[in-house]
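Listed here are the chains, written in short residue letters.
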Amino acid sequence: MKVLVLNCGSSSIKYQLLDMEKESAIAKGLVERIGMEGSKLSQMSNWEKHVIEQPINEHVIGIQLILEALTDKDIGVIATIDEIKAVGHRTTHGGEKFSGSSLITEEVIDALVELSELAPLHNPPQIKGIRAIQKVLPDVPNVGTFDTAFHNNMPPEAYMYAIPYEYYERYGIRRYGFHGMSHQYVSTRAAEMLGKDIKDLKIITCHLGNGASLAAVKNGVSIDTSMGFTPLPGLVMGTRCGDIDPAIIFYLGKKEHIDCMDLDSVLNKKSGALGLSGISSDFRDLEIASEEGNERAKMTLDIFHYRIKGYIGKYAAAMNGVDAIVFTAGIGENSQFTRSECMKGLDFLGVELDEEKNKTRGEEKIISTDASKVKVMVIPTNEELVIARETLRIVG
Ligand code: AMP
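Read on for an overview of the structure.

How each quantity is defined
- Residues numbered from 1 in each chain as written.
- Predicted model: local features only at pLDDT ≥ 70, side-chain atom pairs only at ≥ 80, totals over all residues.
- Heavy atoms only, no water.
- Helix = DSSP H or I, 4+ residues; strand = E, 2+ residues; numbered from the N terminus.
- Buried < 20%, exposed > 50% of the residue type's maximum accessible area, 1.4 Å probe, protein only.
- Contact = heavy atoms within 4.5 Å.
- Phe/Tyr/Trp six-rings, centres within 6.5 Å; stacked < 30°, edge-to-face > 60°.
- Lys NZ or Arg CZ within 6 Å of the ring centre and 35° of its normal.
- Pairing = 2+ DSSP bridges.
- Axes fitted to C-alpha atoms, helices over the stretch in contact; angles between N-to-C directions.

**Things to note about the side chain of Ser290**
Thought 1: Within the secondary structure, Ser290 sits in helix 10 (residues 283–291).
Thought 2: Judged by relative accessible area, which is 17%, Ser290 ranks as buried.
Thought 3: Discounting residues that sit within four places of it in the chain, Ser290 has contacts with Ala297, Lys298 and Leu301.

**Concerning the packing of aromatic side chains**
Two aromatic rings are characterised by how far apart their centres lie and by the angle between their planes.
Thought 1: Inspection of the entire model under this criterion finds seven aromatic pairs.
Thought 2: A centroid spacing of 6.2 Å and a plane angle of 35° characterise the contact between Tyr176 and Phe229, whose relative ring orientation is tilted. Pair noted here: Tyr176 is in the loop between helix 5 (165–171) and helix 6 (180–194) and Phe229 is in the loop between strand 11 (221–225) and helix 7 (247–256), with a separation of 53 residues, a long-range link.
Thought 3: The class for Tyr176 is buried, based on a relative accessible area of 4%.
Thought 4: Following the ring pairs from residue to residue traces out a cluster consisting of Tyr159, Tyr165 and Tyr168.
Thought 5: The lysine or arginine in question, Arg174, covers the ring of Tyr159, its NZ or CZ lying 3.7 Å from the ring centre.

**Observations concerning the sheet that holds strand 11**
Thought 1: The sheet built from six strands is open, its strands ordered 11-10-9-12-14-13 with mixed pairing. Lying at the two open borders of the sheet, with one neighbouring strand each, are strand 11 and strand 13 (365–366).
Thought 2: With four bridges joining them, strand 10 (residues 212–218) and strand 11 adopt antiparallel strand pairing. Its bridge partner lying in strand 11, Lys218 is registered against Val221.
Thought 3: Sheet strands touched by helix 6: strand 9 (202–208), strand 10, strand 11, strand 12 (324–328), strand 13 and strand 14 (375–378). Its angle to strand 9, the strand with the most contacts, is close to 130°.

**Concerning the environment of Val186**
Thought 1: Inspection of the secondary structure assignment puts Val186 in helix 6.
Thought 2: According to the relative accessible area criterion, Val186 is buried, its value standing at 0%.
Thought 3: For the pair Val186 and Asp370, spaced 184 residues apart in sequence, the C-alpha to C-alpha distance is 21 Å.
Thought 4: Those residues in contact with Val186, other than ones at most four positions away along the chain, are Thr205, Val326, Thr328, Ile379, Pro380 and Thr381.

Written out as structure tokens, the structure reads:
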């Protein structure tokens, strides 16, 4: 059975076609610059990269192009679109309504529209993508898998903010958390690699990419995570500030005469590693600059690592211990330096990194010593596989 997985952004559609008998992707691609000059589709299929450049004015045209590319006699991987039995969508914000994946019905779309206020950059283009595929493949079921769902069982002490309770009741202001599919995938995989039941494990998962978050996964359930009501708080990210004193916002607004919306953009797009270093939001550039002696790049990396360690300490306390710490996503999978810095001084927890084993990139590996009480692991994430599995589970 083939499942198409879509991740729709405002001007892009990432996609994968998975063969669920083998649980592997048979084609991966990206439609980009929708509604702009230079729009194109790039597809990896049959071990080659193919690029189709053509005007793509709206999402529905992008979806049509994806289906043409998947069924093309030269670059395609399936004979007809009838082979696609279900479509899984990455859906960002499920609020408190969705504690799991859901078959997409008109009521679910209405709920997604309502929840758009909480994820204005993500939910609306995802709804567009759902509408587009419904037009092109009207008889194929669609399933939404929410970034927030894996964190839906956090206890109130982890998700409530200490502001007047009526704001929670009136507006649903609470921690939701994100990157749920990634935390779910790597924690499940960690248990498999350790040959243990996830229900017996305390795992801290570190999703360190352009967006970054940690989660405390106790007995298979996320009991806390570093992102919050939005994906802005927590760690230092590429361009997002992570945790700051909220009073800074009012102070800055007054001093710089900038309104809320402009401040939102400063904290989301001009802060984090980019704002601190003044060099780049890309951690590869910062590692190079730091090695070359740039003090601000070094300070940025120090803050990034210090905050990760802070959350590891918090989550180890929340779970009364930790059995495994997992690194994933762009930085977590590739940066030997970040993993090494984050694990320094955690011997009191029973963490002993093996620096030789840590010389690894993008592959599943246990990188702690054999004697280490806490297993430190690198596990490449696979959010698409989680979406495809959930889709299959829902459509039966
Ligand atoms: P992601 O959002 O998961 O695609 O991760 C993207 C980020 O991974 C980029 O911004 C880079 O900063 C980071 N990255 C990728 N490769 C490396 C590497 N070898 N060393 C450090 N950071 C890396």
